[in-house]
Amino acid sequence: MDLSYSPTEQRFRDEVRAWLTDTVPKLPPEPPIENWQARHDYDTAWQRKLFEAGYAGIHWPVECGGRGATPVEHLIFCEEAERAHAPYGTANFVGIMHAGPTIVAEGTAEQRRRFLPPILRGEEVWCQGFSEPDAGSDLASLRTRAVRDGDDYVITGQKIWTSHAPVADFCEILVRTDPDAPKHCGITWLIMPMDLPGIDIRPLRTIQGSSDFAEMFLDEVRVPVANRVGAENDGWRVAMVTMGFERGTAFVSELLNAMVTLEELAALARKAVRRSAPAWEDQGLRRDMGHLSAQLEALWALTRRHVSQTARGDLPGVGGSVFKLRYTELRKQLGELAARLLGRASLSLDNLDGLSNGDHTAERLRGLSLTIAGGTSQIQRNIIAERLLGMPKG
């Protein structure tokens, strides 16, 4: 495990930093969180800039349209993007971090040619159709049915928490193709165009006021068999590849953002006055900030370890679950610390008197969802117990 940067990697960092320093200040203001269509346009425009500069799909293989950067270079890019406050590119997240890498790993040559270039250019947005009302944490219990009819699968069922469905062009969707097989064995991973007849999208409003989730109702939607990724009934294995990306390297930018947020809170504590004294004089507050800082640094070291493993050709796996579990729990603690520091100002989503309280409040609300999204903390504990520690299933 080598955590030092080579001269080549340092030159890459300098190159990325120079481009971001020149590009990010010229961007228009980010649209409000509740205007999802405007966010879609903003994020896809940013994706196009990344593509034109040669940074789109930086971690994808060159033969699949990416830059072919090493895992360490990918990490460097994430560091510099966070430092420059570059857009997160939320609308493109599923395509770039989930669906695209899954198609790279499991798709056919034709699927790679058709679907990867538009993702990289920001021309097509993807959503994720995994969870269902009765199959959230127990994803393998999904009931959405797909019946083979000639060259099509005919899909009927319901999905929920479908990320970015209101503005998506395609959906990575899990369907049940063999209802008589054991629940992990009768699932298939499909690419579903979102403009097909029979798809009904009903946006869900989150506690933050955004509508990037939706319910999705499917009534005899015909998806070509050619859009299947992997073999029929092998979708659970393919989904675990997707989840490996979701729970592994996809959280790098999140972690870096949390470290920056903690620095901002420390600076705010030095200025905020509590009972005629700076909040920073509260030893308990400083102690809690120190503990959070140490744990975030430990997760950063774990991330770099994962990078070393990836450089040896290992896909993100159980280690991603370890990271996801601890990070999301820490994010909740970070939100609670922000509320404690801000006091009554933490009740407002609007920034007051030059404070960044609204931003921290929004992040605190978002942090509540992270222990659920991508597999609940309880599910992550089960994965770690069974696959890493070798404990029997409960």
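The present account deals with the structure reproduced in this document. This is a predicted model, so every value here is computed, not measured. (Residues numbered from 1 in each chain as written. Predicted model: local features only at pLDDT ≥ 70, side-chain atom pairs only at ≥ 80, totals over all residues. Heavy atoms only, no water.)

### Brief notes about the packing of helix H1 (residues 7–23) against helix H3 (residues 71–83)
One can describe the packing of H1 onto H3 by two numbers: an axis separation of 9 Å at closest approach and a directional angle of 30°. Comparing the axis directions of H1 and H3 gives the class roughly parallel. You can see that H1 and H3 cross each other, and the crossing is right-handed. From H1, Glu9, Phe12, Arg13, Val16, Arg17 and Leu20 reach across to H3, where they touch Val72, Glu73, Ile76, Phe77, Glu79, Glu80, Ala81 and Arg83. Residues that form the contact of H1 with H3 fall into these classes: seven nonpolar, no polar and seven charged. (Axes fitted to C-alpha atoms, helices over the stretch in contact; angles between N-to-C directions. Helix = DSSP H or I, 4+ residues; strand = E, 2+ residues; numbered from the N terminus. Parallel < 35°, antiparallel > 145°, perpendicular 65-115°, else oblique. Left-handed = near helix turned anticlockwise from the far one by under 90°. Contact = heavy atoms within 4.5 Å. Nonpolar A, V, L, I, M, F, W, Y, C, P; charged D, E, K, R; others polar.)

### Some points on the pattern of salt bridges
Evaluation of the coordinates by the stated rule reveals 26 salt bridges. In this structure, glutamate 106 and arginine 237 form a salt bridge, with 2.9 Å as the shortest nitrogen-oxygen distance. Here arginine 237 lies in helix H6 (residues 235–247) and glutamate 106 lies in helix H4 (residues 93–106), a separation of 131 residues in the sequence. In this structure glutamate 106 comes out as partly exposed when scored by relative accessible area, which is 21%. The class of arginine 237 is partly exposed, set by a relative accessible area of 39%. Notably, a salt bridge pairs glutamate 254 with arginine 366, separated by 2.7 Å at the nearest N-O pair. Of the two residues, glutamate 254 is situated in helix H7 (residues 252–271) and arginine 366 in helix H10 (residues 357–370); the sequence distance between them amounts to 112 residues. (Salt bridge = Lys/Arg side-chain N within 4 Å of Asp/Glu carboxyl O. Buried < 20%, exposed > 50% of the residue type's maximum accessible area, 1.4 Å probe, protein only.)

### Brief notes about empty space enclosed by the protein
Per the stated rule, a full pass over the model turns up one cavity of 30 Å³ or more. Lining the largest cavity, in full, are Thr261, Leu265, Arg331, Leu334, Gly335, Ala338, His360, Glu363, Arg364 and Gly367. Of the residues that constitute the lining of the largest cavity, the class distribution is three nonpolar, four polar and three charged. (1 Å grid on protein atoms, 1.4 Å probe; cavity = no way out; pocket = protein on both sides within 12 Å on 5 of 7 lines; lining within 4 Å. Points joined across faces, edges and corners; volume = space filled by probe spheres on them.)

### Describing the packing of aromatic side chains
Using the criterion set out here, one finds nine aromatic pairs in the structure. For the ring pair tryptophan 161 and phenylalanine 213, a centre distance of 5.9 Å and an interplane angle of 80° mean the geometry is edge-to-face. Within this pair, whereas tryptophan 161 is found in the loop between strand S3 (152–159) and strand S4 (170–176), its partner phenylalanine 213 is found in strand S7 (residues 213–224), the two being separated by 52 residues in sequence. Cluster of aromatic residues (ring-pair linked, three or more members): Trp19, Trp46, Tyr55 and Phe77. For the cation-ring pair, arginine 148 lies above tyrosine 153, with the distance from its terminal atom to the ring centre recorded as 5.8 Å. Here arginine 202 stacks its cationic end above the ring of phenylalanine 217, 4.0 Å away from the centre of that ring. (Phe/Tyr/Trp six-rings, centres within 6.5 Å; stacked < 30°, edge-to-face > 60°. Lys NZ or Arg CZ within 6 Å of the ring centre and 35° of its normal.)

Note that all results are geometric; they support no functional claim without further evidence.
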